[in-house]
Amino acid sequence: MKVLVINCGSSSLKFQLMDMETESVEAKGLCERIGSEGSRIVYTPVKKPEFGKITIESPMPTHKEAIQIVIDCLTNAEHGVVGSLSEIDAVGHRVVHGGEKYVDSVLIDDSVIAAVQECAEFSPLHNPANIIGINVCRELMPGVPEVAVFDTAFHQTMPRKAFIYGLPMKAYTEYGIRRYGFHGTSHKFIARQTAQFIGRPAEELKIISCHLGNGASICAINGGKSVDTSMGLTPLAGLVMGTRSGDIDPAILEFYGRKEGLDVSQVTEVLNKKSGVFGISGGKSDFRDLEEGFYAGDPGCVDAIEIFCYNVAKTVGAYAAAMNGVDVITFTAGIGENSAFVRGKVCEYFGYLGIKIDEAANKERGEHVISTPDSKVTVCVIPTDEELMIARDTKALAEAQ
Ligand code: ADP
């Protein structure tokens, strides 16, 4: 079975075609600047490595043209990887917000599209783009099953005490304001992969999954189920991130706005785009640059790294307390997978958990354990693969229909 995975952002579209017999990637790519000047597709036919990366500039006023170009690339006589569109058996869509309705991935029908539309008020940039992607695929590939895989679904197992905010209860009951959590597809993948990697059933394990990328979140996973997570109603909450503030005193919104002459939505924009390690360091959000600055003694970079690592360590501590223990801590995503420096610094806080890190192992790459054999908690690095998780769910639901 071949599954096309589609991830529509507000002005971009990432895609991956997977052969599910071998779980291998046949082609992948990215459409950028949809809806503006200079739109282009960067396409990699993995199955035909002789072509390398192909970049094609082409007007893409909407996601419709973008998906048409993706299909043209995949079916191209030279660099295409399928003979015709009919070889694509199912399409899996990443959908950011599924609200409380979706606790798992689901086959898409009209009622699902309506529900995704309803959740758009929580995710105004992403859900509408996801719906366009779904509708265009329906139009261009009629009859091919489509599956929605929600970022929020994995966290629907959280207990009320973890998802209700300290607000008047009508905020939840009337407006749906609660912690939803994001990166669920990644945390679900990590829960399963971590259990498989260390050779123990997920049902027996308390795992803390640290997804540290540009957007970053931590998830407490008890017996394979999410019981708490750091992002909230929106992905702005929790850790200090690349450009997002994470948790702050809510009174800052008014105070900072008054000082800077900004209204609430302008301050929210600052919290999303100009804060986090970017704001602290004075303009750097990539951890490679921040590390370089740290070693050069740049005070902004030193602050940014210290604050980021402290936040991660503090949240891990909170989740170890919430689960009354932890068996495995997993690092994943851009920073978690690649920065031995950040991992090492975060783990310096974990002596009280009986954690010991093997410094040489920490420097290695790929899926590996970084704690010593006598460490009381296993610490490991597991590369995440959200596209594979989406493709697996899509295959299972398409086969079951
Ligand atoms: P997202 O999907 O949220 O955009 P990623 O998971 O792709 O983010 O992570 C991107 C981030 O990973 C980069 O901004 C950078 O900070 C970090 N990163 C990538 N490679 C390295 C590396 N070799 N060392 C340190 N940090 C890295």
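Above: the structure in question.
Participant: Lay out the sheet that holds strand 11 (residues 225-229) in plain terms, naming residues and giving numbers.
Facilitator: Here 6 strands make up an open sheet; going across it, the order is 11-10-9-12-14-13 and the pairing mixed. The strands lining the two open edges of the sheet, one partner per strand, are strand 11 and strand 13 (368-369). Pairing of strand 12 (residues 328-332) with strand 14 (residues 378-381), which is carried by 4 bridges, proceeds in the parallel orientation. The residue bridging Val 328 from the neighbouring strand is Thr 378, located in strand 14.

Participant: How would you sum up the site of the ligand? Please name residues and give values.
Facilitator: Around the ligand, the structure places 13 residues, and the nearest of them are Asn 214, Gly 215, Phe 287, Gly 334 and Asn 338. Ile 335 is positioned with one of its backbone polar atoms (N or O) 3.4 Å from an oxygen atom of the ligand. Protein chains bury 68% of the 580 Å² of accessible surface belonging to the ligand in isolation. Secondary-structure elements contributing two or more residues to the shell around the ligand are helix 10 (287-296) and helix 12 (333-338). Examining the composition of the shell around the ligand, we find that 4 residues originate from one element, helix 12, more than from any other.

Participant: Can you explain the packing of helix 10 against helix 13 (residues 340-347)? Please cite residues and give values.
Facilitator: Between helix 10 and helix 13, whose axes approach to 10 Å, the crossing angle comes to 65°. With respect to each other, helix 10 and helix 13 are oriented roughly perpendicular. In contact with Phe 287, Glu 291, Phe 294 and Tyr 295 of helix 10, helix 13 contributes Phe 341, Val 342 and Lys 345. Partitioning the contact of helix 10 with helix 13 into residue classes produces 5 nonpolar, no polar and 2 charged.

Participant: Summarise a negative patch on the surface; cite the residues concerned and give the values.
Facilitator: Taken together, the side chains of Glu 348, Asp 358, Glu 359 and Glu 364 define an acidic patch exposed on the protein surface. With respect to the helices and strands, Asp 358 occurs in the loop between helix 13 and helix 14 (359-362). Owing to a relative accessible area of 31%, Asp 358 belongs among the partly exposed residues under this scheme.

Participant: Got a sec to walk through the pattern of salt bridges? Specific residues and values, please.
Facilitator: Per the counting criterion, the structure on display carries 17 salt bridges. For Glu 139, the salt bridge is made with Lys 64, and the minimal N-O distance between the two is 2.6 Å. Of the two residues, Glu 139 sits in helix 3 (residues 127-140) while Lys 64 sits in helix 1 (residues 63-75), which places them 75 residues apart along the sequence. The partly exposed category is assigned to Glu 139, whose relative accessible area is 48%. Residue Lys 64 is classed as partly exposed on the basis of its relative accessible area, which comes to 33%.

Criteria and cut-off values
- Residues numbered from 1 in each chain as written.
- Predicted model: local features only at pLDDT ≥ 70, side-chain atom pairs only at ≥ 80, totals over all residues.
- Heavy atoms only, no water.
- Pairing = 2+ DSSP bridges.
- Helix = DSSP H or I, 4+ residues; strand = E, 2+ residues; numbered from the N terminus.
- Near = heavy atom within 4 Å.
- Polar contact = N/O pair within 3.5 Å; in protein donor to acceptor, adjacent residues only side chain to side chain.
- Areas by Shrake-Rupley, 256 points an atom, 1.4 Å probe, with all protein chains shown as cover.
- Axes fitted to C-alpha atoms, helices over the stretch in contact; angles between N-to-C directions.
- Parallel < 35°, antiparallel > 145°, perpendicular 65-115°, else oblique.
- Contact = heavy atoms within 4.5 Å.
- Nonpolar A, V, L, I, M, F, W, Y, C, P; charged D, E, K, R; others polar.
- Patch = residues over 30% accessible without salt bridge, like charges linked within 9 Å, V, L, I, M, F, W, Y side chains within 5 Å.
- Salt bridge = Lys/Arg side-chain N within 4 Å of Asp/Glu carboxyl O.
- Lys, Arg positive; Asp, Glu negative; His and termini not counted.
- Charge placed at Lys NZ, Arg CZ, Asp CG, Glu CD.
- Buried < 20%, exposed > 50% of the residue type's maximum accessible area, 1.4 Å probe, protein only.

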